[in-house]
Amino acid sequence: MEKMITNQDIIEVVFCMGSSCFSRGGNRGLSMLQAYLKENDLETRVIVQGRLCQGKCQDGPNIAIDGKHYRSVDPGVILDLVKHHLENC
Ligand code: FES
């Protein structure tokens, strides 16, 4: 029997969409995450959102997963972070 998805099984990933974070790699991370979610049928478990610049551009790319902030996130690390949160939600 397939497990029902509850709100607790869903995580939220928020990307800073400011130009600095985006050009530092946020855009590649977002593309990689969207492709990964689609390929692995996880689009219903991971909500991807964007936010405006938070004034911490020097730390970018900045993302938040379930309210936990991560800075200087290399695009290649985003998938590991999301997998970690999915496994622990
Ligand atoms: S562009 Fe992301 S914090 Fe400013």
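A few points on the structure.

The rules behind the values
Residues numbered from 1 in each chain as written. Predicted model: local features only at pLDDT ≥ 70, side-chain atom pairs only at ≥ 80, totals over all residues. Helix = DSSP H or I, 4+ residues; strand = E, 2+ residues; numbered from the N terminus. Rg over C-alpha atoms; globule rule 2.2 N^0.38 Å. Buried ≥ 20, exposed ≤ 12 C-beta atoms within 10 Å, placed from the backbone. Contact = placed C-beta atoms within 7 Å. Pairing = 2+ DSSP bridges. Right-handed = clockwise from strand over helix to strand, strands pointing away. Axes fitted to C-alpha atoms, helices over the stretch in contact; angles between N-to-C directions. Parallel < 35°, antiparallel > 145°, perpendicular 65-115°, else oblique. Left-handed = near helix turned anticlockwise from the far one by under 90°.

Take the overall build of the chain next. Helix and strand content of the chain: two helices and four strands. Listing each helix as α and each strand as β along the chain from the N terminus yields β-α-β-β-β-α. The C-alpha atoms of the chain give a radius of gyration of 13 Å, which matches the 12 Å a tight globule of 89 residues would have. If you line up the chain on its principal axes, its C-alpha atoms span 45 × 25 × 20 Å.

Along the chain, the position of Leu 52 falls in the loop between strand S2 (46-51) and strand S3 (63-65). Overall, Leu 52 belongs to the exposed group, with 8 C-beta atoms counted inside 10 Å. Residues Leu 52 and Met 17 lie 35 residues apart in sequence; the distance between their C-alpha atoms is 5.6 Å. The contact partners of Leu 52, leaving out residues within four places of it in the chain, are Met 17 and Gly 18.

Quick look at the pairing of strand S1 (residues 11-16) now. Relative to S2, S1 is paired through six bridges, and the arrangement is parallel. Across the sheet, the residue bridging to Val 13 is Val 48, located in S2. Handedness of the crossover joining S1 and S2 through helix H1 (residues 19-39): right-handed.

The strand order S2-S1-S3-S4 describes an open sheet built from four strands, whose pairing is mixed. Looking at strand neighbours, the two that pair on one side only are S2 and strand S4 (68-70), the edges of this open sheet. Along the sheet, successive strands turn relative to each other by an average axial angle of 20 degrees, direction set aside. Of the strand pairs in this sheet, S3 and S4 are connected by three bridges, and their pairing is antiparallel.

For the pair H1 and helix H2 (residues 75-87), the least separation of the axes is 8 Å and the interaxial angle reads 45 degrees. Classified by the interaxial angle, the pair formed by H1 and H2 is oblique. Considering how the two elements wind past one another, H1 and H2 form a crossing that is right-handed. Residues Gly 25, Arg 28, Gly 29, Met 32, Leu 33 and Tyr 36 of H1 pack against Pro 75, Ile 78, Leu 79 and Val 82 of H2.

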